[in-house]
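Observations on the three-dimensional arrangement
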Amino acid sequence: MNIILLGPPGAGKGTQAQRLVEERGMVQLSTGDMLRAAVKAGTPVGLQAKAVMEAGELVSDAIVSALIGERMDAGTGSGAIFDGYPRTAAQADALDLLLSERGQALDHVIELGVDEDALVERIVGRFTCAVCGTGYHETFKRPVVDNVCDVCGASEFKRRPDDNEQTVRTRMAEYRAKTAPIIPIYESRGLVRRVDGMADIGQVTAAIESILDGR
Ligand code: AP5
Ligand code: MG
Ligand code: ZN
């Protein structure tokens with residue numbers, strides 16, 4: 001099973017991917033997470049990507065497709081969830097090649113439909129556990145005990161440098177200009193399923209799971 005989660009910044013791609021990992025043993029391939037890890041480690045890719053990400057623009061197609069290929073070679077268990085990739089027509093072509101080289105195919109492209117005005121609130125309220133990376137939100141998904149991670153018990157949290165209103169607007173413009181136009185490519189192949197991303201987190205998960213289960 002190979003699926004793409006598609007949607008603008010803050011649509012819930014990472015949130016839903018984490019739930020599918022926990023519940024189904026699928027593997028999340030998030031180019032955003034991979035790039036942030038590269039920035040943190042100070043690798044050559046990280047050095048190139050840092051300023052681009054802070055501006056909210058897209059990192060080069062060659063870099064992100066190479067990261068995805070490496071991660072696919074490390075194994076994708078019971079299935080891959082592509083989160084934040086592909087984001088351009090060139091990346092969509094690259095993914096087709098990466099899959100076919102490995103004898104695999106895409107099963108579903110799940111588009112999270114959202115209201116752009118709500119996304120700024122989602123993004124500006126977002127934070128993650130500094131130790132295990134679990135995602136939270138000040139209003140929509142607080143830890144059960146204040147200031148303690150539900151998953152690992154840590155009490156240190158962090159925020160992304162690109163999660164400010166100015167950068168979010170650029171990220172949305174990039175999505176509209178470069179990513180939304182790849183949806184028709186997948187529509188012509190009958191792969192796109194649209195889910196209401198404005199519903200509660202659990203309802204969105206249920207809608208995705210019913211697609212994965214062929215319902
Ligand atoms: P990336 O990390 O992919 O960021 P993004 O696409 O902007 O998406 P986000 O991670 O912000 O949102 P999300 O959809 O995962 O939402 P989340 O689940 O966290 O990319 C970052 C940067 O890296 C890019 O700008 C670019 O520079 C570079 N990059 C990455 N991939 C690239 C590529 N392929 N090519 C080129 N460059 C690339 O949810 C947001 C918040 O809302 C959370 O707090 C969550 O708790 C809450 N929430 C989620 N769902 C709901 C719900 N249903 N109701 C209420 N709250 C909810
Ligand atoms: Mg994300
Ligand atoms: Zn944690």
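Up top is the structure these notes are about.
Residues numbered from 1 in each chain as written. Chains lettered and ligands numbered in written order. Predicted model: local features only at pLDDT ≥ 70, side-chain atom pairs only at ≥ 80, totals over all residues. Heavy atoms only, no water.

Here's the deal with the overall build of the chain
For the chain, the helix and strand inventory stands at nine helices and eight strands. Its C-alpha atoms give the chain a radius of gyration of 17 Å, near enough to 17 Å, the size a compact globule of 215 residues would have. Counting across all 215 residues of the chain, residues that qualify as buried make up 45%. Once local pairs closer than 6 in sequence are excluded, the contacts in the chain between residues at least 24 apart make up 69%. Carbon and sulfur atoms form 51% of the exposed surface of the chain, whose accessible area is close to 10,400 Å². Once the 24 positive and 31 negative side-chain charges of the chain are each reduced to a mean point, those two points are 2 Å apart. (Helix = DSSP H or I, 4+ residues; strand = E, 2+ residues; numbered from the N terminus. Rg over C-alpha atoms; globule rule 2.2 N^0.38 Å. Buried < 20%, exposed > 50% of the residue type's maximum accessible area, 1.4 Å probe, protein only. Contact = heavy atoms within 4.5 Å. Areas by Shrake-Rupley, 256 points an atom, 1.4 Å probe, with all protein chains shown as cover. Lys, Arg positive; Asp, Glu negative; His and termini not counted. Charge placed at Lys NZ, Arg CZ, Asp CG, Glu CD.)

Quick word on the packing of aromatic side chains
Applying the stated criterion to the full structure yields three aromatic pairs. With centroids separated by 5.7 Å and ring planes inclined at 25°, the aromatic side chains of Phe127 and Tyr136 adopt a geometry described as stacked. Pair check on accessibility: Phe127 and Tyr136 agree, each one buried. An aromatic cluster is defined as three or more aromatic residues linked by ring pairs; in this entry it consists of Phe127, Tyr136 and Phe157. When the ring centre of Tyr136 is taken as reference, the NZ or CZ atom of Lys141 above it lies at 5.0 Å. (Phe/Tyr/Trp six-rings, centres within 6.5 Å; stacked < 30°, edge-to-face > 60°. Lys NZ or Arg CZ within 6 Å of the ring centre and 35° of its normal.)

Some thoughts on the sheet that holds strand β6 (residues 135-137)
Taken together, the three strands give an open sheet; going across it, the order is β6-β5-β7, and neighbouring strands pair in antiparallel fashion. Every other strand in the sheet has two partners, leaving β6 and β7 (157-158) as the edge strands with one partner each. As defined by bridge partners, strand β5 (residues 126-129) adjoins β6 across three bridges and the pair is classed as antiparallel. Within β6, the residue paired with Arg126 across the bridge is His137. (Pairing = 2+ DSSP bridges.)

A look at the sheet that holds strand β1 (residues 2-6)
Taken together, the five strands give an open sheet; going across it, the order is β2-β3-β1-β4-β8, and neighbouring strands pair in parallel fashion. Both edges of this open sheet fall to β2 (27-30) and β8 (192-196), since each of them pairs with a single strand only. Taken over all neighbouring pairs, the strand axes of this sheet differ in orientation by 25° on average, direction set aside. Relative to β8, strand β4 (residues 108-113) runs parallel, the two being bridged by five bridges. If you follow Glu111 over to β8, its bridge partner there is Arg194. (Axes fitted to C-alpha atoms, helices over the stretch in contact; angles between N-to-C directions.)

Quick notes on helix α3 (residues 44-55)
Three or four residues apart is the spacing at which side chains of an α-helix point the same way, because the helix has 3.6 residues per turn. For α3, every residue scored as buried is listed here: Gly46, Ala49 and Met53. For α3, the angular spread of the buried residues around the axis is 75°, confining them to a single face. Among the exposed residues of α3, those pointing more than 90 degrees away from its buried face are Pro44, Leu47, Gln48 and Ala51. Positive backbone phi, approximately 85°, marks Gly56, located one or two places after α3. (Arc of directions from axis to C-beta.)

Things to note about the coordination of the zinc ion (ligand 3)
Within the protein, the zinc ion (ligand 3) binds to Cys129 (SG), Cys132 (SG), Cys149 (SG) and Cys152 (SG); these donor distances fall in the range 2.3 to 2.4 Å. Geometry at the zinc ion (ligand 3) is tetrahedral, judged from its four donor atoms and the angles of 102 to 114° they form at the metal. Here the donor residues of the zinc ion (ligand 3) are spaced in sequence according to C-x2-C-x16-C-x2-C. You can see Cys132 sitting in the loop between β5 and β6 and its partner Cys149 sitting in the loop between β6 and β7, a full 17 residues away along the chain. (Donors = N, O, S within 2.8 Å, 3.2 Å for Na, K, Ca; no water. Tetrahedral: all angles 85-135°; square planar, octahedral: opposite > 155°, others 65-115°.)

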